[in-house]
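Fold and contact review
In case you want the letters, here they are:
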Amino acid sequence: MKKNILGIFILLVAIFVITAIINPKFLNAYNMQNLIKWSSLYAVMSLGVAFVIITGGIDLSIGSVVGLVAVVLSICLKLEGMDPWSAIGIALILSLLIGLLHGILITKAKVQPFVVTLCGLLVYRSMGRWFTDNQSIGPMPMEEDAGYKNLEQIQHLDFVFSGKIAIGSFNLPTPAIFLLVLSIAAAIFLRRTIWGRYLFALGSNEDGTRYSGINTDRMKILAYVLCSFFAGMAGILFAFELDSVQPAQTGEFYELYAIAAAVLGGCSLRGGEGSVLGVVIAAAVIRLIYNSINMVGISTHLEFGILGLVILLGVIGDELIKKTVNRKQAVQTS
Amino acid sequence: MGEIVPPLIEVSGLTKSFPGVLALRGVSLHLKRGEVLALIGENGAGKSTLMKILAGIQSADAGDFIIDGEQVSFRNVNDAMLKGIALIHQELNLCGNLDLASNVFLGREPTKGGFVNESLMRHQAQQFLSQVGLDMPVNTLAGSLPIGKQQLVEIAKALSCNARVLIMDEPTSSLSQKETDTLFKVVKNLRAHGISIIYISHRLGEVIELADRVTVFRDGENAGDLGRDEINHENMVRLMVGRDLSEFYDRKIHQPGKKVLSLTKFRCPSFPDHPISLSVRAGEIVGIAGLVGAGRTELLQTIFGVTPAIGGVMEIDGKKKEISDPRTAISSGIALVPEDRKQHGLVLPMSVRENSSLPSLKRDSSRGWINESAEEQVTEEAVSALKIKTPNFEQVTRFLSGGNQQKIVLGKWLAMSPKLLMLDEPTRGIDIGAKREIYKLMEKLAGEGMAILFVSSEMEEVLGMADRAYVMHEGKISGELGHNQLSEKAIMNLATGILAAA
């Protein structure tokens, strides 16, 4: 395990053990299932933004994409005559198109990623509210809603996206399986394919990468498409998890959790660095901190404060480790 | 007998080790008042480490460091400054958005009642600036000055701290001939005023012109000293590399083959009014000489598609090509070793392997999967062809010496077997050993029928390596010189626009 991942892993274990000692209820199956489920949902979004951060970019629209995809999915499922699997397809295509739009605006119209995705954050949130007249809606009928003709199939989907699979006496939430598949795919993509290599290269030195004959614009677009696609996947998972989607609130601020997890997991906002395992562990750390605060009995008003401090200290620690590693390497060759 | 003046600085038995490496093994060096001492040696010889110790950036493990007969040991840069030692960095550290006076006194502004005493600061800044021959208004923005003048501002800044010893690390590496001449005048003037200068350079011609004495380092040890009368190319190279100069530019003239590159009325966006026509044949090494800013780099970048041409015809192997970006240039068989290797040549945080394989990664892949054995092989070939010194293939290139970095930039193109290899200042700021490897490879590739086009500001390099040269002046080709016409005088006349093309 790389040194910087080892650090975050130790942090995860430490918080876990301390919480378990203070409150043994923390370890009960129900709490563990919840923790795994929420960590998985957050990690999916975080992996997406990691692609963009590796290229040196940023995506602030993730939360709004999660919200919009959840809304659009619910609308499609409610619609008469639409096959539920097609609704999933539409939701994912929507997220891909959003990513494509971001990528094109950033590379061709040369608008800064911060600006493009900040505008996206505002626009997609407002679209979701407008589509629904700001009324809550869900992938499953609430009370006596009209529509949802294919209820049986929808319930099937509900099981796929927010069900539980019994492994012995433990019920594994299905989002964990989505995370497993997506993270393995992301890791293979980043480390074993030329495109992954190109993303790291252009994040470290875009000019140098272009001078080596790589179509850096196309690679950047790819990163934004992947980011929005992962946000779209998270949007579907959240919709089924929450049952009721609030157009104004669902996904709000999630981009910040995703970015925080990516950074805590070893991605540098300067680009060129990051690892899938680190990001997944960091997303779990963030959820674990929430859970621990409740379990240990710290005032929930302190949630944000503690989270902020842990991220800050984690990143500082990471920088220190990098510095010593760099010094060692520099000395080796001087 | 005259009075024996003790040396200003006397260093002896200085040792510095980093874990696993002995960077300095008991070196000695002495510096008199009002003397220009050139310190030369291949990269990795320990010059920089010693300079960092003298300037208080690092501390020595053992040895004596005596200034004015007094044993000293610096803890930081300020300690060194108090003793009058200032290092002029290779990369300049001016704030471009501040004016000259503010830059000279940055952090040491004269104050009056807590506010900056502007008039006093300006007055004093003016004095220091005129000492280095800068007679421009002190409210000029530093960023608006060309790099040569910025360097003079750095020197003025050092003088304003009462520096008695200036350490200059490769000061001319990015200066034009004219700026270099100005710098030399300033250096000679400072020497006349009793200021001592330690001058580090890879350009031996400059050392011959400037130095009163030369100290040569090799592998962290003293390789020898040369007095004023002994300073010449042969002696310096012999001490630096421990062998003779004869094999340095080992050129054979090959029978040139077909035209590989041909430009007709080719127009670069940076000089749209000056259409350029030139050609390079297979097996030929063609130089482009000229002053900095003559449009040579821009020409290579336009051929390579970084800034696409806005007119004219470009042919590769007799076929017309439209090059709109580096990708199409590379697929047409063109490679560029750019001038700025850190910005354009390498991805510094990546390893030797990742850099070496970057251009060929796609070709060797199948369905996007990286072919690791091909990658390994490509790296192996680059490392052995250029004798790249790296502990292993996973070494991050940021920590390699300039020479080894440059070898990787060249090495990564070998796997692409380009028809036309372009090199922009291929040996700038690199050591003699690395230079030789690069020259040898250029010769070998030309022998194998590759067409080579290189830009160089180093006269000796053009004279030594080119079969034929074009000279550029203010965006246009002012002349073409065949092998028999190549001379320093002919190039300078064309480069400065004294002589129009014959």
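Residues numbered from 1 in each chain as written. Chains lettered and ligands numbered in written order. Predicted model: local features only at pLDDT ≥ 70, side-chain atom pairs only at ≥ 80, totals over all residues.

1. Focus: the overall build of chain B
Where we set the bar: Going along the chain from the N terminus, every DSSP run of H or I of four or more residues is numbered as a helix, and every run of E of two or more is numbered as a strand. It is over C-alpha atoms that the radius of gyration is taken, and the globule rule equals 2.2 Å times the number of residues to the power 0.38. Burial is judged by counting the other C-beta atoms within 10 Å of a residue's own C-beta: 20 or more makes it buried, 12 or fewer makes it exposed, and any count in between marks it as partly exposed, with every C-beta position built from the backbone. Contact criterion: two residues are in contact if their C-beta atoms, reconstructed from the backbone, are within 7 Å.
The helix and strand inventory of chain B stands at 18 helices and 22 strands. For chain B, whose C-alpha radius of gyration is 24 Å, the value lies close to the compact-globule estimate of 23 Å for 502 residues. Principal-axis analysis of the C-alpha atoms places the extent of chain B at approximately 70 × 50 × 50 Å. For chain B, the residues scored as buried account for 47% of the 502 residues in total. Partitioning the contacts of chain B with sequence separation of at least 6, the portion at a separation of at least 24 is 69%.

2. Looking at the overall build of chain A
Helix and strand content of chain A: 13 helices and two strands. Dimensions of chain A, computed from the C-alpha atoms along their principal axes, are close to 75 × 55 × 35 Å. Burial statistics for chain A: of 334 residues in total, 50% are counted as buried. Long-range pairs, those at least 24 residues apart, make up 77% of the contacts in chain A between residues at least 6 apart in sequence.

3. Some points on the nonpolar core
Just so we agree on the cut-off: We call a set of buried Ala, Val, Leu, Ile, Met, Phe, Trp, Tyr and Cys residues a nonpolar core when their C-beta atoms link them within 7 Å. Here the bounds of each domain stem from an automatic or database domain assignment.
The biggest cluster of nonpolar side chains holds 176 residues, and the ones touching the most others in it are Val44, Met45, Phe230, Ala261 and Val279 of chain A together with Met422 and Ile452 of chain B. Here this core spans two domains, and each of domain 2 (247–333 + 418–502) and domain 3 (345–417) of chain B adds at least three residues to it. Setting aside residues up to four positions removed in sequence, Val279 of chain A forms contacts with Ala43, Ser46, Leu47, Ala50, Ala261, Ala262, Gly265, Cys267 and Gly274 of chain A. Listed in part, the 72 residues of the second largest apolar core include Val27, Ile88, Val187 and Met240 of chain B.

4. Thoughts on the sheet that holds strand β3 (residues 36–40) of chain B
All names here are of chain B. Convention followed: Should DSSP find at least two bridges between two strands, the strands are taken to pair. All axes are obtained by fitting lines to C-alpha atoms, using only the stretch in contact for helices, and the reported angles, taken between N-to-C directions, cover 0 to 180 degrees.
Strand order in the open sheet made by the six strands is β6-β9-β10-β3-β11-β12, with mixed pairing throughout. Unpaired on one side and paired on the other, β6 (85–88) and β12 (221–226) mark the two borders of the sheet. Between one strand and the next, the sheet's axes are offset by a mean angle of 20 degrees, whatever the strand orientation. Along the sheet face, helix α5 (residues 147–160) touches β6 and β9 (165–169) and points at about 165 degrees away from the line of β6.

5. Let's talk about the confidence of the model for chain A
Residues shown with low pLDDT carry predicted positions that ought not to be read at fine detail. Here is the rule we go by: Confidence of the prediction at every residue is given by pLDDT, a number between 0 and 100.
Summing up the model confidence of chain A, the mean pLDDT is 91 and the portion of residues at 70 or higher is 96%. Averaged pLDDT values for the elements of chain A fall to 79 in helix α13 (residues 303–333) of chain A and rise to 97 in helix α10 (residues 216–242) of chain A.

6. Digging into helix α6 (residues 177–192) of chain B
All names here are of chain B. The condition that has to hold: Take the residue count of a helix, subtract one, and multiply by 1.5 Å to get its expected span. An arc is given here, and it is the one of the directions from the helix axis to the C-beta atoms.
In this model α6 runs 23 Å from its N-terminal to its C-terminal C-alpha over 16 residues, within 8% of the 22 Å that 1.5 Å per residue would give. Among all positions of α6, only Glu179, Leu183, Val187 and Leu190 are buried. All buried residues of α6 lie within an arc of 75 degrees about the axis, which places them on one face of the element. Among the exposed residues of α6, those oriented more than 90 degrees off its buried face are Lys185 and Ala192. Contacts from the buried residues of α6 go to β3, α5, β10 (196–200) and α7 (204–210).

7. What to know about the domain arrangement of chain B
Once the domains are mapped, chain B shows domain 1 (9–241), domain 2 (247–333 + 418–502) and domain 3 (345–417). Here domain 1 of chain B and domain 3 of chain B have C-alpha centroids that lie 35 Å from each other.

8. Structural notes on the sheet that holds strand β21 (residues 468–473) of chain B
All names here are of chain B. Pairing within the open sheet is mixed, and its six strands lie in the order β18-β19-β20-β15-β21-β22. Each edge of the sheet is formed by a strand with only one pairing partner; in this case those strands are β18 (334–337) and β22 (476–481). Each strand axis lies, on average, 20 degrees off the axis of its neighbour in the sheet, ignoring direction. Note: strand β15 (residues 285–290) against β21, five bridges, orientation parallel. Pairing of Gly290 across the sheet is with Met472, part of β21. Relative to the sheet, helix α9 (residues 296–303) contacts β15, β18, β19 (420–424), β20 (451–455) and β21, its axis offset from that of β19 by approximately 150 degrees. Relative to the sheet, helix α18 (residues 488–495) contacts β15, β21 and β22, its axis offset from that of β21 by approximately 30 degrees.

9. Some words on the packing of helix α3 (residues 62–78) of chain A against helix α5 (residues 113–132) of chain A
For any two helices packed against each other, the geometry comes down to the angle between their axes and how far apart the axes lie. All names here are of chain A. Our working definition: Oblique is the label for any angle not covered by the other classes, which are roughly parallel (under 35 degrees), roughly antiparallel (over 145) and roughly perpendicular (65 to 115). Note on convention: near helix rotated counterclockwise from far helix by under a right angle means a left-handed crossing. Clockwise means right-handed. Throughout, the ten residues Ala, Val, Leu, Ile, Met, Phe, Trp, Tyr, Cys and Pro are labelled nonpolar, Asp, Glu, Lys and Arg are labelled charged, and all others, Gly among them, are labelled polar.
Across the interface, α3 lies against α5 with an axial gap of 8 Å and an inter-helix angle of 25 degrees. Between α3 and α5, the angle falls in the class roughly parallel. Between α3 and α5 the crossing geometry is left-handed. Every residue of α5 that contacts α3 at Gly63, Ser64, Val65, Gly67, Leu68, Val71 and Ile75 is listed here: Gly120, Leu121, Tyr124, Arg125, Met127, Gly128, Phe131 and Thr132. Here the residues of the contact of α3 with α5 sort into eight nonpolar, six polar and one charged.

10. As for the interface of chain B and chain A
With 32 residues of chain B in contact, the opposing surface of chain A contributes 23 residues. Among the residues forming the side of chain B that touches chain A, the class breakdown is 22 nonpolar, seven polar and three charged.

11. With respect to the environment of Cys268 of chain B
Residue and element names in this part refer to chain B. Mapped onto the elements, Cys268 comes out in the loop between β13 (259–267) and β14 (276–281). Using a count of 23 C-beta atoms within 10 Å as the deciding quantity, one classes Cys268 as buried. As for Cys268 and Ile85, which are separated by 183 residues in sequence, their C-alpha atoms are 46 Å apart. Among residues more than four places away in sequence, those in contact with Cys268 are Gly295, Glu298, Leu299, Thr302, Thr307 and Ala309.

12. Describing the packing of helix α4 (residues 118–131) of chain B against α5 of chain B
All names here are of chain B. Between α4 and α5, the shortest axis-to-axis distance is 8 Å and the interhelical angle comes to 120 degrees. Classified by the angle between their axes, α4 and α5 sit oblique to one another. Viewed along their axes, α4 and α5 form a crossing whose handedness is right-handed. Contact residues: Phe128, Leu129 and Gln131 in α4; Ala156, Leu159 and Ser160 in α5. Residue classes in the contact of α4 with α5 are distributed as four nonpolar, two polar and no charged.

13. What about the environment of Met295 of chain A?
Here Met295 of chain A is to be found in helix α12 (residues 276–296). Aside from chain neighbours lying at most four places away, what touches Met295 of chain A is Thr19, Asn23, Lys25 and Phe26 of chain A.

14. What to know about the pairing of β12 of chain B
All names here are of chain B. When strand β11 (residues 213–218) meets β12, the two strands line up antiparallel, connected through five bridges. Looking across to β12, one finds that Thr215 is bridged to Asp225. Remark: two residues form the turn of the hairpin made by β11 and β12, two consecutive strands paired antiparallel; Asp219 in that turn has positive phi of roughly 50 degrees.

15. Points about the confidence of the model for chain B
Mean pLDDT over chain B stands at 88; residues scoring 70 or higher make up 95%. If you check the scores for this complex, the pTM reads 0.80 and the ipTM reads 0.88.

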